[in-house]
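A closer look at the structure
Below, each chain spelled out in residue letters.
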Amino acid sequence: MIQIKELEKYYKTEEVQTIALNKLSFEVKEGEFVAIMGPSGCGKSTLLNILGLLDDPDGGSFKFNGEEVAGYNERKRAQLRKHNVGFVFQSFNLIDELTVFENVELPLIYTGVKPAERKKRVEEVLEKMQIMHRRNHFPQQLSGGQQQRVAVARAVVNNPKLILADEPTGNLDSVNGNEVMDLLIDLNEAGTTIIMVTHSEHDAKYSHRIIRMLDGQKVTENILV
Amino acid sequence: MFKNYIKIAFRNLLKNKVFTLLNIFGLTIAFCVAILLAIGAYDTLGKDQFHKQKENLYQVYTTVQSLKGPQVGQSMPAPFAPTLKKEVQSVSKITRHYEDNLLATYNEKTLQMDVSYVDAPFLEMFTFPVFKGEKNPLHKIKTVAITKKAAKLLLDTEDVIGKTIVLDIAGTAKPFVIASVLEDSVSANSLNFQLLVNFENSPNYKRNIDRWNASYHSVFLQLVNNTSLSQFEESTRAFTKKNYSGDDERLERDGVAKDANGQYRQLRLTPFVDRTFTTYKNGIIEADRTMPYLVLAIALLILFIASVNFINMTVAKSAKRLQEIGMRKTLGASRKQIFIQLWLESVFIFSISILLGTLLGNALLNDFQTLFRTAGTFATLVKPNIILGVLLVLVSITLIAGGYPSYLLSKLGTLTALKGKMDVSSGTRLRNSLIVIQFGIAILLISGTIVLNNQIDFLRQKDLGFNKDNVVSIPFNGKLDSKTVLRRLRSQLQNQPEIISITAADNNLGRGKDGSGYTSVSGFDYEGRSISTHSLTVGYDYVETLGMEMVAGRNFSRDRASDSLSMVINETLAKEYGKENPLEISISFDNGVRYNVIGVVKDYNFRNLKENVEPLTMYLNNNSDYLYAFVKVDAKNAIAAFDKIEAAWKSINPDATFLGTFLDENIDRTLRREKIMTTIITSGSIVAIILSCIGLFAISLLMVNQRTKEIGVRKIVGASVFGLASLLVKDFLKLVALAFLIATPIAWYMSFQWLQDYPYRISLNLGLFFLAGCIAVCIAMVTISFKTLQAALQNPVDSLRSE
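Residues numbered from 1 in each chain as written. Chains lettered and ligands numbered in written order. Predicted model: local features only at pLDDT ≥ 70, side-chain atom pairs only at ≥ 80, totals over all residues. Heavy atoms only, no water.

Taking the numbering used here, the UniProt-annotated feature "domain: ABC3 transporter permease C-terminal" (unreviewed entry) corresponds to residues 297-412 and 685-786 of chain B. Between the end C-alpha atoms of residues 685-786 of chain B the distance is 22 Å, and the span holds 85% helix and 0% strand. (UniProt positions renumbered as here; feature names shortened; annotations may be inferred. Helix = DSSP H or I, 4+ residues; strand = E, 2+ residues; numbered from the N terminus.)

In structure tokens:
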């Protein structure tokens, strides 16, 4: 599903150039659950942004579903992104002014789904995430675990092929963290590809494969299953 | 989708209560003021526009060459209009027009009424629809038209056709039959009358019917379609040559230069719709609509300032919304969708503000009408082109005010937005530029306020050459003749301790409650030169009562019978005669009667302060009526004296309204235009300053919030409260100082130009503008200090924690 080859990304300031990704190559197959680990500053988040079509690489090749997407402009990336990728962030990134229902509904609005269909799908996914009873609450009225469940619900409501999770349990206690990980496993078992960036060895063990990075390069790759 | 936009817009506004309130408050004030000012301006601009024939209606005036350059004359003699109609083909219809205020009586009821003497074509030329009765009653001499309102006032009903009323014309009671009732005219009408009477009934008509040298009324005409003004002017040259040949010979003898067309006198036309905006320049009447446009400009400036606040606050707080925008983009929102969402928020705020502004404006309309002397209402603005214009302006303002921040936010990359980072430098530059413009406008308006107030004070306090403080002027408006009233007034009041002296004249000083004021200019030959002088008929004690000063000779005296053939002239006229001893001047008039100059009075402003003192001759004419009584009162008991005068007046003249006023009020009334202008500019500058401060306050609030951590760290390393406060304040003060530097030359130039219209004026000095700058700086300081001091006084740990 994802093929990256010699992927490069630099950050430049007036005086310094920092290499975030240094000729990084790997593949992720459809239905896989891959964890990416490494110390702070190793390029994990940069990689995730590029894989999520939020950012553009400076060099190398990036094929998404066989289509070369490196060099795509923001408009093209946005089109591809909204139909194929769901995001789960460490800080949830829910919109404070919208209720649980409205937050989850948002991706469907942007992909042009009709209101009746939207309602059905949002309710389904809220049921699945066991957060239906909170549908009219605002994010700040929920616990961290509940907020992350809403974020996961929002990520999956469009049935994306790929879910990118950036430290999904980073802001949660262990009980809530495990619940979120179970949700991700369920999604993966239902066929969704998941790439997760994490610092937690515990969370990484839920995945099929762990890619470890250092200084923008792949250091090791462990297959767990 | 749309519902979602509205919902989030509403919730966002609720979340940022302070900013929403500041924005709505500021915009509501701005819209309220702008709507009211626009009502005032459009009411003025719409004057006389309702006449269906307005494109072809004109007022006639003449440009006469003189030694002082071309002069404008708008008064015409009685035979002028009928002769012009007969001799000039391009004149389709013509009417004479003379306004008067008469006592009208029906049964037992007598009222003072505004009367216009006009010719029969008047109602065919002007659009004053007939409500009841004959289409044109002016074809007959003894029938009149009355307005609905006036009919109700005088006859207590609108059903008045065929009823007879009595008008007191120059002391003679004359009966008239009401043949038509006219619809009440709209507010934008400059021809204010309650009764229309055939011109042949006007005072002294029979005496003046063939006199070309007694000009006393205006003339309006309608041109034949497709006649150009130059065609008209050309076609009237034979007419002027024929009918004014005597005058032309005199001008030629005096060595007056002819105009470019070889004429001493040129008839010209000014569009009727321009008549309330006229100014004279080189013998030509021009329309000057600066005042209403200035008012509109102030309205737009105020809207601009409020919009700037909106832009600045939206840009400044946009950083807080970056993550939301980023998340929306991550989830697939397009730039267009983000733009529309943010734009709708501004439309939402603007719509609420317009609604509130309109309601507030409606509540303040009556006060506004009184203060600005306008009759405009919301209906004034309900015209397709104005509504379309307002909608266009609104869409533009919301697109700029709401659209610019939306554009800034929507063009950010998804990742940049999601990280909540934004390069604020371009936003800051824009914000700073807008603050400079905002304060520039405020300083401009404050300077205007200061200059206007100083000039008006200067004019008010100027020595006018007469005592304006303790003299009451009263128009003679009753049935009794003025001489009788004056005699009785003297006998009733002369022994009262509060009354010092009593006199009368045929002209007022300043503008009284009756609102009238005219001048009578006569010309004659003296030792081979033409002399032109204003004439004034006065009673005994005129010079004393008005506290004037004699510079040569003496005033009229009761002890000398010969004084009825004497003249007292002013210094300016004495100079025109050019005699070393003006008391030797003796003039023989057309009727062979010889008058001698017995005294020279020091120049005084007998017309208005916008004109230089002109030549004046005073007569003690026993045959002529007085129009105003003047009573000098004791300064210590002025109020009691005024009451006594009123009581005496009412006992002498029970049917006439007492319209007495102190002369200083009359002088103030002549400054009405300036006072309205001052009120508008002062209110404009107050609103501008309030709005600019709201903006500045909001920005300082945000800036302090953004720098909370910096403030905490600085305090920890030892910064003082004063040091911190000045750190925060200084950036803003720099902007205000820059605004001062830009606005001052503009303010100076505009003030200078405005003052050129006044022969008596203040001299501009930098101090005036510096004062305006200081006011702006002080207000800005107070506004910013409020939040910055609070931040500087905060416990540093709190500052760091809040970060």
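Now, onward.
What follows covers the confidence of the model for chain A. Here chain A shows a mean pLDDT of 89. Residues at 70 or above account for 100%. Helix α2 (residues 74-84) of chain A is the least confidently modelled element of chain A, averaging 83 in pLDDT, while strand β3 (residues 33-37) of chain A averages 95, the highest of any element. (pLDDT = per-residue confidence, 0-100.)

Side chains that are nonpolar tend, in soluble globular proteins, to be buried together. Of all hydrophobic cores here, the largest spans 123 residues; its most connected members are B:Y542, B:Y604 and B:M618. When residues of this core are assigned to domains, at least three map to each of domain 1 (1-49 + 300-421) and domain 3 (471-670) of chain B. Dropping the residues within four chain positions of it, B:Y604 is found in contact with B:L464, B:G465, B:F466, B:L509, B:L536, B:Y542, B:M548, B:V613, B:L616 and B:M618. A:I4, A:V28, A:F64 and B:I338 belong to the second-largest nonpolar core, a separate cluster that totals 49 residues. (Core = buried A, V, L, I, M, F, W, Y, C linked by side-chain atoms within 4.5 Å. Buried < 20%, exposed > 50% of the residue type's maximum accessible area, 1.4 Å probe, protein only. Domains from an automatic or database assignment. Contact = heavy atoms within 4.5 Å.)

It is worth spelling out the sheet that holds strand β16 (residues 499-505) of chain B at this point. Residues and elements named next belong to chain B. A sheet is described by the order of its strands in space; here 4 strands give the open sequence β16-β24-β15-β25, paired in antiparallel fashion. The outermost strands of the open sheet, each flanked by one partner alone, are β16 and β25 (661-662). Here 2 bridges tie strand β15 (residues 471-475) to β25, and the two strands are oriented antiparallel to one another. Counted as the bridge partner of V472 is F662 from β25. (Pairing = 2+ DSSP bridges.)

Once that is clear, we can look at the packing of helix α23 (residues 672-706) of chain B against helix α26 (residues 766-793) of chain B. Residues and elements named next belong to chain B. Taken N-terminus to C-terminus, the directions of α23 and α26 make an angle of 25 degrees; their axes are 9 Å apart at the nearest point. Here α23 lies roughly parallel to α26, going by the angle between them. As α23 runs across α26, the sense of the crossing is right-handed. Here I689, C693, L696, F697, S700, L701 and V704 of α23 come into contact with α26, specifically with I779, A780, T783, I784, F786, K787, T788 and A791. Classifying every residue of the contact of α23 with α26 gives 11 nonpolar, 3 polar and 1 charged. (Axes fitted to C-alpha atoms, helices over the stretch in contact; angles between N-to-C directions. Parallel < 35°, antiparallel > 145°, perpendicular 65-115°, else oblique. Left-handed = near helix turned anticlockwise from the far one by under 90°. Nonpolar A, V, L, I, M, F, W, Y, C, P; charged D, E, K, R; others polar.)

It is worth spelling out the packing of aromatic side chains at this point. The geometry of an aromatic ring pair is captured by the separation of the ring centres together with the interplanar angle, meaning the angle of the planes. All told, the structure shown has 31 aromatic pairs over all chains when counted by the stated rule. Within the aromatic cluster, the residues linked to one another by ring pairs are B:F50, B:F122, B:F126, B:F128, B:F193, B:F220 and B:F272. A cation over a ring is seen here: A:K76 above A:Y72, with NZ or CZ 4.8 Å from the ring centre. The ring of B:Y626 carries B:K483 above its face, with NZ or CZ at 4.8 Å from the centroid. (Phe/Tyr/Trp six-rings, centres within 6.5 Å; stacked < 30°, edge-to-face > 60°. Lys NZ or Arg CZ within 6 Å of the ring centre and 35° of its normal.)

This paragraph deals with the interface of chain A and chain B. Counting residues at the interface gives 21 residues for chain A and 20 residues for chain B. Across the chain A/chain B interface, buried area totals approximately 2,100 Å², and carbon plus sulfur atoms make up 59% of it. Inspection of the region where chain A meets chain B yields 1 salt bridge. Across the pair B:R11 and A:E102 runs a salt bridge, and its minimum N-O distance is 2.4 Å. The greatest single-element share of the side of chain A that touches chain B, amounting to 5 residues, is contributed by helix α3 (residues 100-110) of chain A. Looking at the side of chain A that touches chain B residue by residue, the classes come out as 10 nonpolar, 3 polar and 8 charged. (Buried area = accessible area lost by both parts, 1.4 Å probe. Salt bridge = Lys/Arg side-chain N within 4 Å of Asp/Glu carboxyl O.)

Another point: the sheet that holds β3(A). Residue and element names in this part refer to chain A. Pairing in this open sheet of 6 strands is mixed, and the strands run β6-β7-β8-β3-β9-β10 from one edge to the other. In the strand order of this sheet, the two ends are held by β6 (85-88) and β10 (217-223), each with one partner. Put simply, the sheet's adjacent strands are angled 20 degrees from each other on average, direction ignored. Of the pairings in the sheet, the one linking strand β9 (residues 209-214) to β10 comprises 6 bridges and is antiparallel in character. Within β10, the residue paired with M213 across the bridge is K218. Sheet strands in contact with α2 are β6 and β7 (162-166), and its direction is about 75 degrees off that of β6.

What follows is about the domain arrangement of chain B. Each assigned domain of chain B is listed with its residue range as follows: domain 1 (1-49 + 300-421), domain 2 (66-263) and domain 3 (471-670). Measuring from the centre of the C-alpha atoms in domain 1 of chain B to the corresponding centre in domain 3 of chain B gives 59 Å.

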